Amino acid sequence: MSLYELTGVARYFQRGPTTVRALDDVTLEIEPGAFVALEGPSGSGKTTLLQILGALDRPSAGTVMFDGSDLVKQPDSALAGLRLRSFGFVFQQFNLIPTLTAVENVEAKLAPVGGTRERALQLLAEVGLAERADHLPAHLSGGEQQRVAIARALSVEPRVVLADEPTGNLDSATGGEIIDLLANLAAEHGSTVIVATHDASLAARAPRRVTMRDGKVTGNVHAVPA
Amino acid sequence: MFYVRYLRNELVRRRTRTIVTAVGLGLGVALVVAIASLSKGLDRAQHKTLDPLAGIGTDLTVTLQPQQQQDQGFGGGGFGPGGGGGGNRDLIQANQSVLTDLSKLGKPGTHFVHDFFLPGTQLTFPQSAASQIASLDGVAQTTTGLTLLAEHQEGIVPKIVATLKTQAKTQTITRNLPRPSAQDFAKMQACLQKAGVTLGRPQTQQGQGFGNSFGGGGGNGGTTRSADRSAFQKCLPASMRRFRTRFTTPSQTLKQVLNPPQTNITTSAYTIGGVDQTSPNMGVVTTAQLTKGAFLSPAGGKEALVATSYAAKHSLKVGSKLDLNGTSFTVVGLVSPPLGGQSADVYLPLKQLQTLASEKNLANVILVHAKSSSDVAKVKQEIQQALPQAQVASSKDVADTISGSLVDASNLSHDLGLALSIVAAVAAFLLAALLALSSVGKRVRELGTLKALGWTQRMVVRQIAGESLVTGILGGIFGIALGVLVAVAVDAFGPSLTASSTTGSDLANLGVSTVRTATHSVSLTAPVGIAVLAIGFGLALLGGLIAGTAGALRAARLRPADALRQVE
């Protein structure tokens, strides 16, 4: 059974008098355990699709079947529960809470499910930041901040990690490390990873590449396992 | 607990924002606390000063005020001097003694000091009227007082010297003398001859004139002249001799207008009250008004109480001597008399004042204490029925005559105090709301992130509400501290407010002014009540909480995608 089954998903935004079609009739299937790269130039609809997949947004039309149930029909509280337990997000801007230390940022995700500080520290150790657990985001480098974000996303063992341009604010070497870390850890935790990127070289490392343009899926490539 | 640490971190690591919000809230709270305290202080000062009768253990005062076109004397009511005629006549009579009779003050040129005691506009009546009121239903106690207007005069008795000067006058009288008869003439001749004086002419020439014969006589030789004259005088007929001695000057009246003598007499006025010293808790002044020293001793000796303001003006203190028309009184205490009709500058035992003012057994005010406060209106009516000429004043009537900055401030606080408090509270509330909203507004993306992490709307709101609550508590504490500080400052610097009461009336057409003004100065205090602090604190809390929660709710309601899209 597929993890995601999207049928005719559309998302319109009203910008003044004009209607922007961020997503236009997207039909897509994603199987569990995959590492998917959502590829395309900025404005192609990658972020919007990612947000709909992560239950951060609702589509204007279509159905989004996740694990057998339609996200469109779920109430907000159920979506919050899904985000908490089933999804982990990694953002281009890292989106760490600025007043919380590295470990506390991980705890922000763990606390609602009753996770402990020890678990948070353990995850920071997994991303190689055990020593910097008590630093505030402002005192961490971009790459370190993104590692904290990855630790946070993976802390609850989510079904899916959704990363929106996770390397967009990093130099290419660090970006590569981050993608590798994400891919490896996701595999270890058994999470499906969906990464939105406009960087073709990064996308090329993914076994599955979904290409987007103007809100439509234009390419859907399953790389043959080597 | 993670959420508590998060809360603490938010407040501590965003110190500036926390302090600004808390200070803003605190200023609002301080404003509320300060205004409420000031308002309370004014009320207290007003209660103390503007309820003049309560301080003297009295519910009603009964006085006899002269009335224009009064048909019937007071005697009709069993009161006093009686007799018909208008009240004004009584008043002039009563106040006439001040018209200075200089001759009574001493010998010209001597220094004199004299105090005249006048009943002012409150006519006197026998003290016995009090027992009439005491017998009325609902009256618990009565006491009498005598409040007089004193005119203090001091100076030198003037000497009046009139210098008269009359003019010298010459009177000329011309008269024909009757001719002497022949017989007289013969007699004269004989007489003269006897004296040795010879008349030059024979008797036959007699008809030529008497005058010439005289002249001839006078013209005789030098050495015998005076002897001749006396002989001549002696020999004149009796009728002619008498004429010469009878002459009177006409009567004359001399008039000179004397200029008024120059004097250095100075006059100052004060009020003097006679107190029933045996009733220290009810009277025109009571022990409650005592600020220094002791009350008049029950024996009623030569003792005096002096109002603090008067004492300050005349450098009097406990132990000072007060000389009133030759009687020396010892100041035993200083008092701060209540405002209103019966206040005075100097108080003496009633009997002493009655003696000084020649008002034996007379009083001009009866103080009435009702059995219960609910009886006051009834008693007032009874007194008015029993003594139709009397003026019965309740506490409120007396308070209404008081004016001054205290009254203005008090009225202001009454009219504006509440409104001002509400405005301050609303301002504090709005400020708190604005600050909380703006601080949440800057965190929409952060709240979106929390939602993306799986936080429910409720959790986000709870977190922000907790922050607002703590900020509110901090602001409340700061505000209370600031408010108390303001109140303490007001207490310390105590701006003074005055209240004055003017009694009597200016009867200029009668030549008598009986206007008396008593002024009280009350230092403003700002007592801070627990209730005020609680309200102020509650406002800060509520303001911060409601605003913070509302802001959080608005942000948390956004779809996470929309919240995340917000630019920080």
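Refer to the structure presented above.
The shown structure was predicted, so the numbers you read here are calculated from the model rather than taken from an experiment.

A. Up close: the overall build of chain A. Along its length, chain A carries seven helices and ten strands. In chain A, of all internal contacts separated by at least 6 residues, the share reaching a separation of at least 24 is 70%. Per element, the accessible surface of chain A, about 9,200 Å² overall, is 50% carbon and sulfur.

B. Representation of the overall build of chain B. Counting secondary structure elements, chain B contains 17 helices and 18 strands. For chain B, buried positions account for 45% of its 568 residues. Summarising the internal contacts of chain B: among those between residues at least 6 apart in sequence, 82% fall at separations of at least 24. Carbon and sulfur atoms make up 56% of the accessible area of chain B, which totals about 29,800 Å².

C. The arrangement of the packing of aromatic side chains in detail. All names here are of chain B. Within the structure shown, the criterion is met by nine aromatic pairs over all chains. Note on Phe2 and Trp455: the rings are 6.5 Å apart at their centroids and 80° apart in plane angle, and the pair reads as edge-to-face. Placement of Phe2 in helix H1 (residues 2–13) and of Trp455 in the loop between helix H14 (444–452) and helix H15 (457–493) is noted, with a sequence separation of 453 residues between them. Using a relative accessible area of 5% as the deciding quantity, one classes Phe2 as buried. Centre to centre, the rings of Tyr270 and Tyr310 are 5.6 Å apart; their planes meet at 40°, and the pair counts as tilted. With Tyr270 in strand S5 (residues 266–275) and Tyr310 in helix H9 (residues 308–313), the pair connects residues that are 40 residues apart, well separated along the chain. You can call Tyr270 buried: its relative accessible area is 5%. Residue Tyr310 is classed as buried on the basis of its relative accessible area, which comes to 11%.

D. Expanded view of the sheet that holds strand S6 (residues 87–90) of chain A. Residue and element names in this part refer to chain A. On the basis of which strands lie adjacent, the open sheet formed by six strands has the order S6-S7-S8-S3-S9-S10 and mixed pairing. What marks the edges here is a single partner per strand, and that holds for S6 and strand S10 (216–222). The sheet shows a mean angle of 15° between the axes of neighbouring strands, taken without regard to direction. Sheet topology places S6 next to strand S7 (residues 160–164); four bridges connect them, and they run parallel. In the sheet register, Val90 faces S7, and the bridge partner there is Ala163.

E. Looking closely at the side chain of B:Arg443. Mapped onto the elements, B:Arg443 comes out in the loop between helix H13 (405–441) and H14. Here the side chain of B:Arg443 touches B:Glu467 through a polar contact of 2.6 Å, side chain to side chain.

F. Fine view of the sheet that holds strand S4 (residues 61–66) of chain A. Residue and element names in this part refer to chain A. Taken in spatial order, the four strands line up as S2-S1-S4-S5 in an open sheet, and their pairing is antiparallel. Edge positions in the sheet fall to strand S2 (18–30) and strand S5 (69–70), since each of these pairs with one other strand and no more. Note: S4 against S5, two bridges, orientation antiparallel. Among the inter-strand pairings, Phe66 is bridged to a residue of S5, identified as Ser69.

G. Spatial organisation of a nonpolar patch on the surface. A surface patch of nonpolar side chains, amounting to about 280 Å² of accessible area, comprises B:Ile422, B:Val426 and B:Leu430. Residue placement: B:Val426 occurs in helix H13.

H. View of the pattern of salt bridges. Applying the stated criterion across every chain yields a total of 26 salt bridges over all chains. Measuring nitrogen to oxygen at the nearest pair gives 3.4 Å for the salt bridge that ties A:Arg117 to A:Asp134. Taken together, the positions of A:Arg117 in helix H4 (residues 117–126) and A:Asp134 in the loop between H4 and helix H5 (142–154) put the pair 17 residues apart, joining distant regions of the chain. Take A:Asp134: its relative accessible area is 54%, and that puts it in the exposed class. Note that B:Arg17 and B:Glu467 form a salt bridge whose closest N and O atoms lie 4.0 Å from each other. Taken as a pair, B:Arg17 in helix H2 (residues 15–49) and B:Glu467 in helix H15 lie far apart in primary sequence, 450 residues in all. Assessed through its relative accessible area of 3%, B:Glu467 is described here as buried. Connected through shared salt-bridge partners, A:Glu104, A:Glu107, A:Arg117, A:Asp134, B:Arg5 and B:Arg13 make up one network.

I. Quick peek at the interface of chain A and chain B. With 27 residues of chain A at the contact, the number on the chain B side is 24 residues. Summing the contributions of chain A and of chain B, the shared interface buries around 2,300 Å²; its carbon and sulfur component is 58%. In this structure, the salt-bridge partner of B:Arg5 is A:Glu107, at a minimum N-O distance of 2.9 Å. Joining chain A to chain B, the criterion identifies eleven residue pairs in polar contact (both at pLDDT 80 or more). Those elements giving two or more residues to the side of chain A that touches chain B turn out to be strand S1 (4–15), helix H2 (76–85) and helix H3 (102–110) of chain A.

J. Layout of the side chain of A:His189. Mapped onto the fold, A:His189 is located in helix H6 (residues 172–189). Apart from the residues lying within four places of it in its own chain, the contact partners of A:His189 are A:Arg119, A:Leu123, A:Glu126, A:Leu154 and A:Glu157.

K. Inspection of the environment of A:Val210 at higher detail. Residue and element names in this part refer to chain A. Tracing the backbone through its elements, the reader meets Val210 in strand S9 (residues 208–213). Given the relative accessible area of 0%, Val210 is considered buried. As for Val210 and Asn220, which are separated by ten residues in sequence, their C-alpha atoms are 4.5 Å apart. Setting aside chain neighbours within four positions, we find Val210 in contact with Leu28, Val36, Ala37, Leu38, Glu39, Val217, Gly219 and Asn220.

L. Up close: the nonpolar core. All names here are of chain A. Val106, Leu124, Val127, Val148 and Ile150 are the most contacted members of the largest nonpolar core, which has 37 residues in total. For this core, the secondary structure elements donating two or more residues are strand S3 (35–39), H3, H4, H5, S7, H6, strand S8 (192–197) and helix H7 (200–203). One finds Leu6, Ile30, Leu79 and Val160 within the second-largest nonpolar core, a separate group that totals 34 residues.

M. The arrangement of unusual backbone geometry in detail. Within the chain, A:Phe94 stands out as a residue other than glycine whose phi angle is a positive 70°. For A:Phe94, the position within the fold is in the loop between S6 and H3.

N. View of the packing of H15(B) against helix H16 (residues 530–557) of chain B. All names here are of chain B. Relative to each other, H15 and H16 sit at 155°, their axes nearing to 7 Å. Of the possible angle classes, the one that applies to H15 and H16 is roughly antiparallel. Regarding H15 and H16, the two cross each other, and that crossing is right-handed. Looking at the contact of H15 with H16 residue by residue, the class counts come to 17 nonpolar, seven polar and one charged.

O. Representation of the packing of H3(A) against H1(B) within the structure. In contact at an axis separation of 10 Å, H3(A) and H1(B) are set at 135° when each is read in the N-to-C sense. Taken together, the axis directions place H3(A) and H1(B) in an arrangement best described as oblique. Considering how the two elements wind past one another, H3(A) and H1(B) form a crossing that is left-handed. Across from A:Glu104, A:Glu107 and A:Ala108 in H3(A), the residues of H1(B) making contact are B:Phe2, B:Arg5, B:Asn9 and B:Arg13. Across the contact of H3(A) with H1(B), the residue classes break down as two nonpolar, one polar and four charged.

Criteria and cut-off values
The residue numbering used here restarts from 1 in each chain and proceeds along that chain's sequence as written. Key to labels: chains lettered from A, ligands numbered from 1, both in the order written. Restriction of local features to residues with pLDDT of at least 70 applies here, the model being predicted, together with a cutoff of 80 or more for giving and counting side-chain atom pairs; totals for whole chains, interfaces and linings are based on all residues. Heavy atoms from the whole structure form the basis of all side-chain values; hydrogens and water molecules are not counted. Under the scheme used here, helices are H or I runs from DSSP no shorter than 4 residues and strands are E runs no shorter than 2 residues, and both carry numbers assigned from the N terminus. Residue contacts are counted whenever heavy atoms from the two residues lie within 4.5 Å of one another. Each accessible area is a Shrake-Rupley estimate made with a 1.4 Å probe; only the visible protein chains count as cover when residues are assessed. For each residue, the accessible area found with a 1.4 Å probe, counting protein chains only, is set against the maximum for its type, and the residue is called buried under 20%, exposed over 50%, and partly exposed in between. Stacked, tilted and edge-to-face are the three classes assigned to paired rings of Phe, Tyr and Trp, where Trp is represented by its six-membered ring and a pair needs centres within 6.5 Å; plane angles under 30 degrees give stacked, over 60 edge-to-face, the rest tilted. Two strands pair if DSSP finds at least two bridges between them. Axes here refer to lines fitted to C-alpha atoms; in helices the fit is confined to the stretch in contact. Angles between the N-to-C directions go from 0 to 180 degrees. Any N or O atom pair separated by 3.5 Å or less is treated as a polar contact, with the protein-specific requirement of one donor-capable and one acceptor-capable atom, and with residues adjacent in sequence counted only for side-chain atom pairs. Like charges within 9 Å and nonpolar side chains (Val, Leu, Ile, Met, Phe, Trp, Tyr) within 5 Å are joined into patches, using only residues over 30% in relative accessible area that form no salt bridge. A pairing counts as a salt bridge when a side-chain nitrogen of Lys or Arg comes within 4 Å of a carboxyl oxygen of Asp or Glu. Note on terms: buried area is the combined drop in 1.4 Å-probe accessible area of two parts once they are placed together, counting the loss on both. Here, nonpolar core means buried Ala, Val, Leu, Ile, Met, Phe, Trp, Tyr and Cys residues that are tied together by side-chain atoms lying within 4.5 Å of each other. Every angle not falling under 35 degrees, over 145, or within 65 to 115 is termed oblique; those three ranges are roughly parallel, roughly antiparallel and roughly perpendicular. Helix crossings fall into two classes, left-handed where the near helix is turned counterclockwise from the far one by less than a right angle and right-handed where it is turned clockwise. When residues are grouped by polarity, Ala, Val, Leu, Ile, Met, Phe, Trp, Tyr, Cys and Pro land in nonpolar, Asp, Glu, Lys and Arg in charged, and all others, Gly among them, in polar.

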